[in-house]
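# Structure assessment
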Amino acid sequence: MGLRLRIRLPHKSSPRTPSHLLLCVLALCFFSFTAIILYKVDDFVAQTKTLAGHNLEPTPWHIFPRKSFTEATTYRILQCSYFSCPHNSAPDPKTHPSDSGSGHRTGQQQCPDVFRWIHRDLEPWLKTGVTKEHVEKAKANAAFRVVVLSGKLYVDLYYACVQSRMMFTVWGILQLLSKYPGMVPDVDMMFDCMDKPIINRTEHQSFPAPLFRYCTNEAHLDIPFPDWSFWGWSETNLRPWEEEFRDIKKGSKRTSWDSKQPRAYWKGNPDVVSPIRMELMKCNHSRLWGAQIMRQNWAEEAKGGFEQSKLSNQCNHRYKIYAEGYAWSVSLKYIMSCGSMTLIISPEYEDFFSRGLLPKENYWPVSPTDLCRSIKFAVDWGNANPSDAERIGKRGQGYMESISMNRVYDYMFHLINEYSKLQRFKPVKPPSAKEVCAGSLMCFAEQKERELLERSRAVPSMDRPCKLPDADRDRLERLIQRKKQTIEDVRNMEMTKTERGSR
């Protein structure tokens, strides 16, 4: 009996079980594509350097904690990196108000004498000029590079700056371009934003590197440039310079000279590697040294909304002390604005305007040697000569009033203009530099920073910059010697009193 094997073949019209292979392939492709995109985004974000300090290491010559950013950093970098400055972001020189005829004021003011220092600061390059090699040498100690081409600003970032210094400094240059449209020449400048000058005069005399920063001294060739706080300092709640000066001067009038406390006052942060400030803390004794010395804790001030650190409320003493910090300090202009007699502890560093100060005319020099006794001598002298002390204080306040934002921009203009005349090459945009305009910079700013930046906007000037005085080296040398002699005379007065007291 045979065995029958029945095989049932599927009917042609019966449905086939759907395959998941295609769906798996599509899903895999989708996730792979997404992963690649995310990787590219992360890689882009991790490599994009910004004026806010993203992906920038602290300067090797001055280490400080890296700036921390919120989780919104990725979105901010993506959003702002694709911001395109408008094609007409460069001002048209034909639209400059001073050339238009309408509203133009006749005559051109003479710049203050302190502008003569521009010639002295640039003297090391007078014979050789500034070559590409000079600029490249300066790059070794620069945090960022500024290039102006046909009124447009390009910035190349190398290292981070403390807090918002870089952003506000670059903003200041943008405002200069806005104030004097079409007048700022093409230029290539290296900037460092830390406190201490670094281009030693002796070491670099044969081939000096032109490096711009906020201060300098006789031992260095660094070129002083107006500091960031003229446009505001968000971390310490300082508003743009003219706002602060106006309120400080108003606050100084609340109390007459006779009603002001007949003591010297200082409030600040001594914990900034400043030997002189640490020594100053020992002078906190109203009866013994005639001084009230107070420690400023910025972290606590920030928590309290800076209510206890308003500068307009700190003009209640006849004498105010200026002590340098890690190097020069932005506090000098605010201290002198009070109209109190400013006691300046023999400074090692100078910014662009402090070189115009004259001892016993708009400030009183204090010796760092036997500091407390020197402060006491100044206080006793002022209380014995109240009219003279008040006059010195008022002259100091008047000097700071003369350093208006108009003069700050004029100083920047003339410094850049004179520097550009020394260039022996045609500036070009560095490959890694990016154009910066008001909108692109604002995009990276935090809310507090944006508020200050907006309040410090400049508008096209109805006047041309003030007229730069000539170099007149002899006049500057006479001024320097006069200052040294006056300081020596004050020291002799102190010594004479000390000797009499010891008899």
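Residues numbered from 1 in each chain as written. Predicted model: local features only at pLDDT ≥ 70, side-chain atom pairs only at ≥ 80, totals over all residues. Heavy atoms only, no water.

The name recorded for the protein in an unreviewed UniProt entry is Glycosyl transferase CAP10 domain-containing protein, from Brassica oleracea var. oleracea.

The secondary structure content of the protein amounts to 18 helices and 11 strands. Relative to its full complement of 503 residues, the protein shows a buried share of 50%. (Helix = DSSP H or I, 4+ residues; strand = E, 2+ residues; numbered from the N terminus. Buried < 20%, exposed > 50% of the residue type's maximum accessible area, 1.4 Å probe, protein only.)

Below, the discussion takes up the pattern of salt bridges. Under the defined criterion, the tally for this structure stands at 29 salt bridges. Across the pair Lys249 and Glu401 runs a salt bridge, and its minimum N-O distance is 3.0 Å. One end of the pair, Lys249, is in helix α8 (residues 241-252); the other, Glu401, is in helix α14 (residues 386-402), with 152 residues separating them in the sequence. Relative accessible area serves as the criterion here: at 39%, Glu401 is assigned to the partly exposed category. A cluster of three or more residues bridged by salt bridges with shared partners is formed by Arg239, Glu243, Glu244, Asp247 and Arg455. (Salt bridge = Lys/Arg side-chain N within 4 Å of Asp/Glu carboxyl O.)

This paragraph deals with the packing of aromatic side chains. Two measures describe an aromatic ring pair: the distance that separates the ring centres and the angle between the ring planes. Inspection of every chain in the model, using the stated rule, returns 23 aromatic pairs. Judged by centre distance (6.4 Å) and plane angle (40°), the rings of Trp364 and Phe377 are tilted. One end of the pair, Trp364, is in strand β10 (residues 364-366); the other, Phe377, is in helix α13 (residues 371-384), and 13 residues separate them in sequence. Pair check on accessibility: Trp364 and Phe377 agree, each one buried. (Phe/Tyr/Trp six-rings, centres within 6.5 Å; stacked < 30°, edge-to-face > 60°.)

Before going further, it helps to spend a moment on the sheet that holds strand β9 (residues 341-345). Pairing in this open sheet of five strands is parallel, and the strands run β7-β6-β8-β9-β10 from one edge to the other. Here the strands that pair on one side only, and so sit at the sheet edges, are β7 (291-295) and β10. Strand after strand, the sheet turns through a mean of 25° between neighbouring axes, direction not considered. The strands touched by α13 are β6 (261-268), β7, β8 (317-322), β9 and β10; relative to β10, the strand with the most contacts, the crossing angle is about 155°. (Pairing = 2+ DSSP bridges. Axes fitted to C-alpha atoms, helices over the stretch in contact; angles between N-to-C directions. Contact = heavy atoms within 4.5 Å.)

A few words now on the sheet that holds strand β3 (residues 187-191). Ordered by their spatial adjacency, six strands build an open sheet running β5-β4-β3-β1-β2-β11, and the pairing between neighbours is mixed. Looking at the sheet topology across the chains shown, the edges are occupied by β5 (223-224) and β11 (434-436). Against the sheet, helix α5 (residues 132-139) touches β1 (144-149), β3 and β4 (211-213), its axis set at about 25° to β3. Along the sheet face, helix α6 (residues 165-179) touches β1, β2 (152-157), β3 and β11 and points at about 160° away from the line of β2.

Running from amino to carboxyl end, α6 crosses helix α17 (residues 447-455) at an angle of 20°, the nearest separation of the two axes being 11 Å. One way to sum up the angle between α6 and α17 is to call them roughly parallel. Crossing of α6 over α17 shows right-handed handedness. Together, Met167, Phe168 and Trp171 of α6 and Glu449, Leu452 and Leu453 of α17 make up the contact between the two elements. Looking at the contact of α6 with α17 residue by residue, the class counts come to five nonpolar, no polar and one charged. (Parallel < 35°, antiparallel > 145°, perpendicular 65-115°, else oblique. Left-handed = near helix turned anticlockwise from the far one by under 90°. Nonpolar A, V, L, I, M, F, W, Y, C, P; charged D, E, K, R; others polar.)

Turning our attention to the state of the cysteines. The bond known as a disulfide is covalent and runs between the sulfur atoms of two cysteines. Applying the stated rule across the entire model yields six disulfides. Here Cys85 connects covalently by a disulfide to Cys437, the sulfurs 2.2 Å from one another. Classification of the bridge connecting Cys85 and Cys437 rests on its S-S torsion, roughly -95°, and on that basis the disulfide is left-handed. Residue Cys85 is found in the loop between α2 (73-81) and α3 (97-100), and its partner Cys437 is found in the loop between β11 and α16 (438-444); the two are separated by 352 residues along the sequence. The two residues Cys85 and Cys437 agree in class, both being buried. (Disulfide = S-S within 2.5 Å.)

Before going further, it helps to examine the side chain of Asp227. Among the structural elements, Asp227 can be located in the loop between β5 and α8. What makes Asp227 buried here is its relative accessible area of 3%. A polar contact is formed between the side chain of Asp227 and the side chain of Lys333, at a distance of 3.2 Å. In this view, Asp227 contacts Tyr214, Trp328, Val330 and Lys333; residues no more than four positions away in its chain are not counted. (Polar contact = N/O pair within 3.5 Å; in protein donor to acceptor, adjacent residues only side chain to side chain.)

A few words on the side chain of Lys260. Here Lys260 lies in the loop between α8 and β6. Glu390 provides the closest opposite charge to the buried, unpaired Lys260, separated from it by 8.4 Å. Engagement of the side chain of Lys260 in a polar contact is seen with the backbone oxygen of Ser252, the distance being 3.2 Å. Of the polar contacts made by the side chain of Lys260, one reaches the backbone oxygen of Thr255; its length is 3.4 Å. (Lys, Arg positive; Asp, Glu negative; His and termini not counted.)

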